[in-house]
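Reading the structure
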Amino acid sequence: MEKTVNQKAWFLVLPVLVIVAFSAIIPLMTVVNYSVNDTFGNNEFFWAGLEWFEEMVTSSRLHDALGRQILFSGIILAIEVPLGIFIALNMPKSGFWASACLVAMALPLLIPFNVVGTIWQIFGRVDIGLLGHALAALGIDYNYTNDSLDAWITVVVMDVWHWTSLVALLAYAGLQSIPQAYYQAAKIDQASRWAVFRFIELPKMKGVLLIAILLRFMDSFMIYTEPFVVTGGGPGNSTTFLSIDLVKMAVGQFDLGPAAAFSIMYFLVILLVSWVFYTVMTNLDREEQK
Amino acid sequence: MARITLKNLAHSYYPNPTSEQDFALKEMDHVWDDGGAYALLGSSGCGKTTLLNIISGLLRPSQGRVLFGDRDVTDAATAERNIAQVFQFPVVYDTMTVRDNLAFPLRNRGMDTAYIEERVQQIAHMIGMEEVLNRKARGLTADAKQKISLGRGMVREDVNAILFDEPLTVIDPHMKWELRTQLKSLHRQFGHTMIYVTHDQTEALTFADKVVVMYDGRVVQLGTPEELFETPAHTFVGYFIGSPGMNLLEARIEGNRAHLNGATIELGATYAPLTGHTQIGIRPEYAVLTNGQGLPVKIHRVEDVGRHRLVRAEAAQQPLNIVVPEGMPVGADMTHVSFAADKINVYADDWRVQGEAA
């Protein structure tokens, strides 16, 4: 059959193109523009080349923020993934309590980020917060506003509270897809609980766990709102993660050039890490197929 | 290996069953011989899998006992029963190699490494998978995986029985034949008690020495394939076994005669007066088209199925199937059908009635 040629069909793509241009491409190009120019206002730009990039790459401030960021992502992944799996394994498989658990688990995920931050900011306050006050009453010296370790603990616990559900729900979905016959076969083979987990549950959950880890990594690497609301990056710079630092630089000090260079590198790092992660995982998978 | 005894066994999925309707498995008493090859045959939902799960210990029966040999295992856990089960879909541990899969039940029981190695080699030889021992199980085909789960069952020497839950469902037709043959030869060689659940009569009849036909939670007949074919104990067996199934004709029985809507035919035996819903059953293979003898018949159509032809007809206003051997002409003069008198079975309320020799 002859295909009719109708170039008007391109117009159908146009709205998407316009939306994407305005929402992503144009803002990104603005950032690129700032990153290679210096400006003193009045929309006057002076070519700076890669100067800002050089400055940022060698900046110890950025290195420190990156170190904190990696530490933070590492800690929350190390807690949330095993904890999420553990919760999923212990959730009821069917009946009323299964639904009840699912709803309860989903609740933290539905709360807006700044609300989560505010909840924990108040919860942890020594004067009026339930947690802070209770700890103080027990004689534990806890104050997230002037102790770095306390601030870190608060921010990590908050993230665990907020996001472990996501890992748990994904792992639960993976577990639910395992046919009953596998468990029956394991019983017949006298497999221990650990062997059931290691050889049946974990391999079947692998796919969703990879997604969970990737999502949690990207999300935690870009975390901004919650620690900003709770600690504002302090005390000192102890909880100043990359995006908090970036905002300080861009709208606090108004160093638009360095900030633009910073955000482009930030974006590339996340892209690179996610890509490496994904490639390694899919390659592992392919190797096992052989 | 062990003889399996089912004593007053019944099962209901309701906590407090009141009527017989509530029972997925109606009360039964059976003894299955050690080393026998049994097939549980029946349509979906007839209780085959329930019975299998009771034997394997995945379900505890609501009443009655299960004995392996002389040992009462009703309350024993699956692992203690030393049974093996092959499931409908291949259940293998994907991330392990074939070798580890086969060794898994032995390792879990803390056997000695040298013994495990030797035993795995033996089993791999039996199921013909020596070449792939070091491969990961996940890349293998469905039939290879089924072989692994079979091998994993047989790797334990003390296995009491091997249970098969429709194991060939996901296997390609040409591999089905091969696997079934292999099963049979393994059975002959090692003499494990094997119980094979299926809804496919060809599988059941070719695999088993004894076929257990189930219908609506009840065992309606336990017999050799020949018995099921020649003397079905229940109209369901007649209908379910054979292709097509047995012809069932409404009839009134009087001594050694059956009256069908005015026509009368001779039976091979004499029957005491029967009450209830009476029928006669005749296999399509034992009905012969003639040019004058027997009942008048109206032929609707003839289907050629290769080895023979199948005549869809009507006699005494009831549908009737007749198998006509290849080569015999079906002409316009074939106006009657006659039945081999000794092949006619008589049923009262669906159950076969034994007649006295005439």
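Residues numbered from 1 in each chain as written. Chains lettered and ligands numbered in written order. Predicted model: local features only at pLDDT ≥ 70, side-chain atom pairs only at ≥ 80, totals over all residues. Heavy atoms only, no water.

If you check an unreviewed UniProt entry, chain B appears there as ABC transporter ATP-binding protein from Albidovulum sediminicola. The UniProt entry for chain B carries the following text under Sequence similarities (unreviewed entry): "Belongs to the ABC transporter superfamily." (UniProt positions renumbered as here; feature names shortened; annotations may be inferred.)

Chain A has the name Sugar ABC transporter permease in an unreviewed UniProt entry, where Albidovulum sediminicola is given as its organism. As stated in UniProt under Subcellular location (unreviewed entry), the record for chain A gives "Cell membrane".

In the structure shown here, the tally under the stated rule is 22 salt bridges over all chains. Of the charged contacts in the structure, one is a salt bridge between E166 of chain B and K48 of chain B, with a shortest N-O distance of 3.9 Å. A residue pair is termed long-range when its members are at least 10 positions apart, and E166 of chain B in the loop between β7 (161-165) and α5 (173-190) and K48 of chain B in helix α1 (residues 48-56) qualify at 118 residues. Accessibility expressed as a relative area gives 11% for E166 of chain B, which makes it buried. Here the salt bridges share partners, and the residues they tie into one network are E80, D159, R216 and D219 of chain A. (Salt bridge = Lys/Arg side-chain N within 4 Å of Asp/Glu carboxyl O. Helix = DSSP H or I, 4+ residues; strand = E, 2+ residues; numbered from the N terminus. Buried < 20%, exposed > 50% of the residue type's maximum accessible area, 1.4 Å probe, protein only.)

Further remarks concern the UniProt feature "domain: ABC transporter" (unreviewed entry) in chain B. The sites that carry the UniProt feature "domain: ABC transporter" (unreviewed entry) are, in the present numbering, residues 4-241 of chain B. From the first C-alpha to the last, residues 4-241 of chain B spans 25 Å; its make-up is 35% helix and 25% strand.

All names here are of chain B. A complete count under the given rule lists three cavities of 30 Å³ or more for this structure. Estimates place the volume of the largest cavity at around 80 Å³. At the level of elements, α4 (142-154) and α5 are the ones that each hand at least two residues to the lining of the largest cavity. Sorting elements by how many residues they give to the lining of the largest cavity places α4 first, with three residues. For the lining of the largest cavity, a count of residues per class yields seven nonpolar, one polar and one charged. (1 Å grid on protein atoms, 1.4 Å probe; cavity = no way out; pocket = protein on both sides within 12 Å on 5 of 7 lines; lining within 4 Å. Points joined across faces, edges and corners; volume = space filled by probe spheres on them. Nonpolar A, V, L, I, M, F, W, Y, C, P; charged D, E, K, R; others polar.)

Counting 79 residues, the largest nonpolar core has L6, W32, L51, I55 and M214 of chain B as its most contacted members. Of all the elements, helix α9 (residues 193-221) of chain A adds the most residues to this core, at nine residues. Once you skip the residues sitting within four places of it in the chain, L6 of chain B turns out to touch M28, D29, H30, W32, L51, I55, R65 and V66 of chain B. With 48 residues, the next largest nonpolar core counts V120, V132, Y196 and F207 of chain B among its residues. (Core = buried A, V, L, I, M, F, W, Y, C linked by side-chain atoms within 4.5 Å. Contact = heavy atoms within 4.5 Å.)

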